[in-house]
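# A closer look at the structure
Residues per chain, in single letters:
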Amino acid sequence: QVQLVESGGGLVQAGDSLRLSCTASRLTFSRYAMGWFRQAPGKEREFVASVSYSGRNKLYTDSVKGRFTISRDNAKKTVYLQMNSLKPEDTAIYYCAAGDTLLTTPPHYWGQGTQVTVSS
């Protein structure tokens, strides 16, 4: 069974940085677009960022452009989300996902989620 395992979440202050990691197993990693979604309490899950199978194409939601950077290492079967200049509104559970079309369609696989909390 495909497994996506996330790490790197935590509690930080506004303006700080975090790097999330997601490592895949039992998945032909280089054939999939990878990305991140997040869900804050009381809100719907929203798209954050995605990267194509080659690593050359990326998408970001407007609220994180210029602050977050998605990247991938196909040899390590890992996707990263570097989050800089964090804001309290970034507080959410962050989910790793694998799919196609840069995750503009529902992903095929999901990680378990990792909590990111940003204090003011």
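Residues numbered from 1 in each chain as written. Predicted model: local features only at pLDDT ≥ 70, side-chain atom pairs only at ≥ 80, totals over all residues. Heavy atoms only, no water.

## Let's talk about the overall build of the protein chain
As a reminder, the rule being used: Think of it this way: any DSSP run of H or I at least four residues long counts as a helix, any run of E at least two long counts as a strand, and we number them from the N terminus. Put simply, the radius of gyration uses C-alpha atoms, and a globule should come to 2.2 Å times the residue count raised to 0.38. Burial here depends on accessible area, computed with a 1.4 Å probe over protein chains only, as a share of the maximum for the residue type. Under 20% is buried, over 50% is exposed, and the range in between is partly exposed. The Shrake-Rupley method, run with a 1.4 Å probe sphere, supplies the accessible areas, and residue values consider only the shown protein chains as cover. All tallies of charge rest on Lys and Arg as positive and Asp and Glu as negative; His and the ends of each chain are not included. Positions of charges follow a simple convention, taking NZ of Lys, CZ of Arg, CG of Asp or CD of Glu.
Looking only at helices and strands, the protein chain features 0 helices and 11 strands. Ordering the α and β elements of the protein chain from the N terminus gives β-β-β-β-β-β-β-β-β-β-β. Whereas a compact globule of 120 residues would reach a radius of gyration of roughly 14 Å, the protein chain reaches 13 Å, a difference of no more than 12%. By principal-axis analysis of the C-alpha atoms, the protein chain measures approximately 40 × 25 × 25 Å. The buried share of the protein chain, taken over its 120 residues, is 42%. When the accessible surface of the protein chain is split by element, carbon and sulfur atoms take 46% of a total near 6,300 Å². One way to put it: in the protein chain the 14 positive side-chain charges average out to a point 8 Å from where the 9 negative ones average out.

## A look at the nonpolar core
We count it as follows: Side-chain atoms within 4.5 Å are what join buried Ala, Val, Leu, Ile, Met, Phe, Trp, Tyr and Cys residues into a set we call a nonpolar core. It only takes one pair of heavy atoms within 4.5 Å for two residues to be counted as in contact.
Counting 28 residues, the largest nonpolar core has Met34, Trp36, Val79, Leu81, Met83 and Tyr94 as the members making the most contacts within it. When contributions to this core are tallied by element, the ones reaching two or more residues are strand 3 (18-25), strand 4 (33-39), strand 5 (46-51), strand 7 (68-73), strand 8 (78-83), strand 9 (92-99) and strand 11 (114-119). Discounting chain neighbours no more than four positions away, the residues touching Leu81 are Leu18, Arg19, Leu20, Trp36, Val48, Ala49, Phe68, Thr69, Ile70 and Tyr94.

## Section: the pairing of strand 1 (residues 3-7)
Put simply, the rule is: Here the rule is simple: two strands pair whenever DSSP picks up at least two bridges between them.
Burial along strand 1 is one-sided: Leu4 and Glu6 are buried, and none of Gln3, Val5 and Ser7, which face the opposite way, are. Bridging between strand 1 and strand 3 involves 5 bridges; their strand directions are antiparallel. Within strand 3, the position partnered with Val5 by the bridge is Thr23.

## Quick look at unusual backbone geometry
A positive phi angle, near 55°, is found at Lys77, a position not held by glycine. Tracing the backbone shows Lys77 in the loop between strand 7 and strand 8. Among the residues examined, Lys77 registers a relative accessible area of 26% and is labelled partly exposed. Even without a glycine there, the phi angle at Leu103 is positive, about 65°. With respect to the helices and strands, the residue Leu103 is situated in the loop between strand 9 and strand 10 (109-110).

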